[in-house]
Amino acid sequence: MAKKRLIPKLQLRTSSYNPSKMVLVITKQFDQVYEIGDAVSQSKIYQDQAADELIFINIDKRDKDIYRLSNVIRKVSEEIFMPITVGGGVNTEEDFRTLLLNGADKICINTAAVRDPAFISLTSIKYGAQCVVVSIDYKKESDGTYKVYVNCGQEKTNLDPVYWAMECERMGAGEILLTSIDNDGMRQGLNLDVTELVSKSVSIPVISSAGCGSAKHFIDGFLTGKADAISSGTFFALQDQSFMQTRSHIKNAGVDIRIHT
Amino acid sequence: MIGIVDYGMGNLLSVYSAFDYLGAEVKVCKHPEDLLTVDRIVIPGVGAFKDCIDKIVSTGFKEVLDEQVLQKGKPILGICLGMQVMAKIGLEGGENKGLGWFDATIVKLSPKYPTLRIPNIGWNDVSFDPNIFLFKGVPQNADFYHVHSYFMDVNDPSDVVATYEYRQRVTAAVLKDNIFATQFHPEKSQDHGLKILENFIVWKP
């Protein structure tokens, strides 16, 4: 089996101080946003810490300029040599191509996939399933059910996240990135129920994200949630213990992850 | 000078940047005749088998590659799909003929295990023949990054120089004379991957 993966998520948006620049941010429940630094230098730190992959998402609610995003990705890919997934505002095949040509390996689609599921099959046939990651943001409703949200978590749909994940696989997605809006930035752990349900319902890899605050949360996500990979923004960016220490904790709990020597 | 074959698909930037980072002279070859002046050739790969081989044939690269690689003996590296197109036959998207440099068929990773994730996306321990120069300086069972749903099923076992375990032995690298190819992405496998590219730069088959 492939090793379980730990994936720092780098969220980007337009800097409030310099509108021509994209900065790295962390978020809480998709709402509060904190600027924390520069994507390129942070990527280098993650590479030195032997992170398994990186995910870049433009989370700016207004500015979805693919060219500006692709400029950041180009700079990153000239300096780091590890797999890069990119998303945020990918709506057309041209957006897809632009990001791939600038160094992305996999492309994350979210709102566009819900609006037109055929977009998944179109890109999957053209670039290969391994290239198409469908990002699913979900939230718990007052009646206890879960619903998929699009448009940076601003717009509710009628889709159930488990059903939608299965549908994405059927349409040709190569991977699912699951994000709990409720748990985002709260550091209280992943949503294990939804993670496990989705992992059991599809045969493509599932990346679960939002909520990790300690090594234990990763262990739970892998062992209980059966995730193939876990992504986190806040945990990796605001880490007070060393990355290698976290990895050892996870490995010692019996999770097969990469220990780089 | 290393020439990267650009047949009009996918991400060449990472491969280019990796060789550039290692200090090699490297250029992207958009036209088959660009390959005449390079010493080494790289076929990178992303996408699907049929599209890839169709493009290699229709752009005229096939003819020049056969000449430069099989007759002139220039060292060549195939990466991922760039390795798969070197096989005789590919079964992704119907049955298609490849370059035919390896007596092999490209088949789907075994779908008979329901728990097996396909595509295989991630890091796998690769065991390799330690006598192969291209793996010099790489620890045995080092992790390399794979992203694929199909793999090379090789008829002549002596062509296979590295494998990994995915409920079955999966071909991770093949070598025949001046032709070397990896299923994994050395340009995405951090320092161990860069080591292989560094070895390729000075490899004398």
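Residues numbered from 1 in each chain as written. Chains lettered and ligands numbered in written order. Predicted model: local features only at pLDDT ≥ 70, side-chain atom pairs only at ≥ 80, totals over all residues.

J.: Help me understand the overall build of chain B in this model?
T.: From N to C terminus, chain B includes 5 helices and 14 strands. By its C-alpha atoms, chain B is 50 × 40 × 30 Å across when sized along the principal axes. The burial tally for chain B puts 54% of its 205 residues in the buried class. (Helix = DSSP H or I, 4+ residues; strand = E, 2+ residues; numbered from the N terminus. Buried ≥ 20, exposed ≤ 12 C-beta atoms within 10 Å, placed from the backbone.)

J.: Would you explain the pairing of strand β14 (residues 179–182) of chain B in this entry?
T.: Consecutive side chains of a regular strand alternate in pointing toward one face of the sheet and then the other. Residue and element names in this part refer to chain B. Side chains of β14 alternate between two faces, with Ile179 and Ala181 and Phe180 and Thr182 buried alike. Sheet topology places strand β4 (residues 76–79) next to β14; 4 bridges connect them, and they run parallel. Each residue of the ladder has a partner; that of glycine 78, found in β14, is alanine 181. Summarising the sheet, strand β13 (residues 169–176) and β14 pair through 4 bridges and their orientation is antiparallel. Across the sheet, the residue bridging to lysine 176 is isoleucine 179, located in β14. The turn joining β13 and β14, which pair antiparallel and follow one another in sequence, is formed by 2 residues; a positive phi near 50 degrees is taken by aspartate 177. (Pairing = 2+ DSSP bridges.)

J.: Please clarify how helix α7 (residues 192–201) of chain A should be interpreted in this entry.
T.: An α-helix turns once every 3.6 residues. As a result, residues three or four positions apart point the same way. Burial in α7(A) covers these residues: Val194(A), Thr195(A), Val198(A) and Ser199(A). Along α7(A), the residues classed as buried sweep out an arc of 130 degrees about the axis, all on the same side. (Arc of directions from axis to C-beta.)

J.: It is not clear to me how the interface of chain A and chain B should be interpreted in this structure. Could you clarify?
T.: Many structure descriptions define interface size as the accessible area lost when the parts assemble. If you look at the interface, chain A gives 31 residues, while chain B gives 30 residues. When contributions to the side of chain A that touches chain B are tallied by element, the ones reaching two or more residues are α2 (66–79) and α3 (93–101) of chain A. Residues that form the side of chain A that touches chain B fall into these classes: 14 nonpolar, 9 polar and 8 charged. (Contact = placed C-beta atoms within 7 Å. Nonpolar A, V, L, I, M, F, W, Y, C, P; charged D, E, K, R; others polar.)

J.: Teacher, can you tell me more about the packing of helix α1 (residues 39–48) of chain A against α2(A) here?
T.: The axes of two packed helices give the description: the angle between them and the distance between them. Residue and element names in this part refer to chain A. Contact geometry for α1 and α2: axes closest at 9 Å, N-to-C directions at 35 degrees. Both α1 and α2 take part in a crossing whose hand is right-handed. Seen from α1, the contacting residues are Ala39, Val40, Ser43 and Lys44; seen from α2, they are Val72, Lys75, Val76 and Glu79. Its residues assigned to classes, the contact of α1 with α2 shows 4 nonpolar, 1 polar and 3 charged. (Axes fitted to C-alpha atoms, helices over the stretch in contact; angles between N-to-C directions. Left-handed = near helix turned anticlockwise from the far one by under 90°.)

J.: Help me understand the sheet that holds strand β5 (residues 87–90) of chain B, please; the structure alone is not making it clear to me.
T.: Backbone-to-backbone hydrogen bonds pair the strands of a sheet. The strands run either parallel or antiparallel. Residue and element names in this part refer to chain B. Ordered by their spatial adjacency, 4 strands build an open sheet running β6-β5-β7-β11, and the pairing between neighbours is mixed. Sheet topology places β6 (96–97) and β11 (150–154) at the edges, where each strand pairs with a single neighbour. Of the strand pairs in this sheet, β5 and β6 are connected by 2 bridges, and their pairing is antiparallel. Residue pairing for β6: isoleucine 89 is matched across the bridge by lysine 97.

J.: Looking at this structure, I do not really get the nonpolar core. What am I missing?
T.: Within soluble globular proteins, side chains that are nonpolar generally end up buried alongside one another. Ranked by size, the top nonpolar core spans 147 residues in total, and within it Phe56(A), Ile107(A), Val132(A), Val134(A) and Ile176(A) carry the most contacts. Those residues in contact with Val134(A), other than ones at most four positions away along the chain, are Ile109(A), Ala113(A), Ile120(A), Cys168(A), Ala173(A) and Ile176(A). (Core = buried A, V, L, I, M, F, W, Y, C linked by C-beta atoms within 7 Å.)

J.: Teacher, can you tell me more about the sheet that holds strand β12 (residues 160–165) of chain B here?
T.: Residues and elements named next belong to chain B. The sheet built from 8 strands is open, its strands ordered β2-β1-β3-β4-β14-β13-β12-β9 with mixed pairing. Lying at the two open borders of the sheet, with one neighbouring strand each, are β2 (26–29) and β9 (127–128). Sheet strands in contact with helix α1 (residues 13–21) are β1 (2–5), β2, β3 (40–43) and β4, and its direction is about 160 degrees off that of β2.

J.: Hey, could you run me through the environment of Ile45(A) in this one?
T.: All names here are of chain A. Structurally, isoleucine 45 can be placed in helix α1. Judged by C-beta crowding, with 15 C-beta atoms within 10 Å, isoleucine 45 ranks as partly exposed. C-alpha separation for the pair isoleucine 45 and isoleucine 80, spaced 35 residues apart in sequence, amounts to 9.8 Å.

J.: Help me understand the packing of α3(A) against helix α5 (residues 118–127) of chain A, please; the structure alone is not making it clear to me.
T.: Residue and element names in this part refer to chain A. Put simply, α3 and α5 touch, their axes get as near as 11 Å, and they point 40 degrees apart. By the angle between their directions, the pair α3 and α5 is classed as oblique. Here α3 and α5 pass one another in a crossing that is right-handed. Here Glu93, Phe96 and Leu100 of α3 come into contact with α5, specifically with Leu122, Thr123 and Tyr127. (Parallel < 35°, antiparallel > 145°, perpendicular 65-115°, else oblique.)

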